[in-house]
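For reference, the chains in residue letters:
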Amino acid sequence: QVQLVESGGGLVQAGGSLRLSCLASGFDFSSYAMAWFRQAPGKEREFVGTISGSGGSTIYADSVKGRFTISRDNAKNTVSLQMNNLKPDDTAVYCCAKDRSTIAIRRHHAAMTYWGKGTLVTVSS
């Protein structure tokens, strides 16, 4: 069955960096775009970014553009989220999600097919 397992979260000071990873299994990883979403306490889950199945195309939310980078290693079934210049507003549980196609498209979280349990990122001021 499809499994997505995130890792790499933690506590970091504002201006710092973290790298999150998501290990996927149970499906043909390179055939599907993968996305990252986040959910802060009391807020709706929001789109962070997505990467196409080949890794050649990415889309980012305006709030993270220029600070976050999504990459993938199809040989290792892993998608990563490099987060630089972190801000307190980035504090959230970050989840990876499997898309329904290989194309990178910004979708609402309800349209994603499978989710990991998430990893907590806390940015202190």
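J.: I'm lost on the overall build of the protein chain in this one. Help?
T.: Secondary structure summary: the protein chain contains zero helices and eleven strands in total. In sequence order, the secondary structure elements of the protein chain are arranged as β-β-β-β-β-β-β-β-β-β-β. A globule of 125 residues ought to have a C-alpha radius of gyration of about 14 Å, and the protein chain, at 13 Å, matches this closely. Each of the three principal axes of the protein chain carries a C-alpha extent, and together these read 40 × 25 × 25 Å.

J.: Explain the nonpolar core here, please?
T.: Soluble globular proteins tend to pack their nonpolar side chains together in the buried interior. Grouped together as the largest cluster of nonpolar side chains are 33 residues, with contacts concentrated most on Trp-36, Leu-81, Met-83 and Tyr-94. Among the secondary structure elements, those contributing two or more residues to this core are β3 (18-25), β4 (34-39), β5 (46-51), β7 (68-73), β8 (78-83), β9 (92-98) and β11 (119-124).

J.: What's the story with the environment of Asn-85 in this structure? I'm lost.
T.: In this structure, Asn-85 sits in the loop between β8 and β9. Setting aside its immediate chain neighbours within four residues, Asn-85 contacts Gly-15, Gly-16, Ser-17, Arg-67 and Asp-90.

Conventions and cut-offs
Residues numbered from 1 in each chain as written. Predicted model: local features only at pLDDT ≥ 70, side-chain atom pairs only at ≥ 80, totals over all residues. Heavy atoms only, no water. Helix = DSSP H or I, 4+ residues; strand = E, 2+ residues; numbered from the N terminus. Rg over C-alpha atoms; globule rule 2.2 N^0.38 Å. Core = buried A, V, L, I, M, F, W, Y, C linked by side-chain atoms within 4.5 Å. Buried < 20%, exposed > 50% of the residue type's maximum accessible area, 1.4 Å probe, protein only. Contact = heavy atoms within 4.5 Å.

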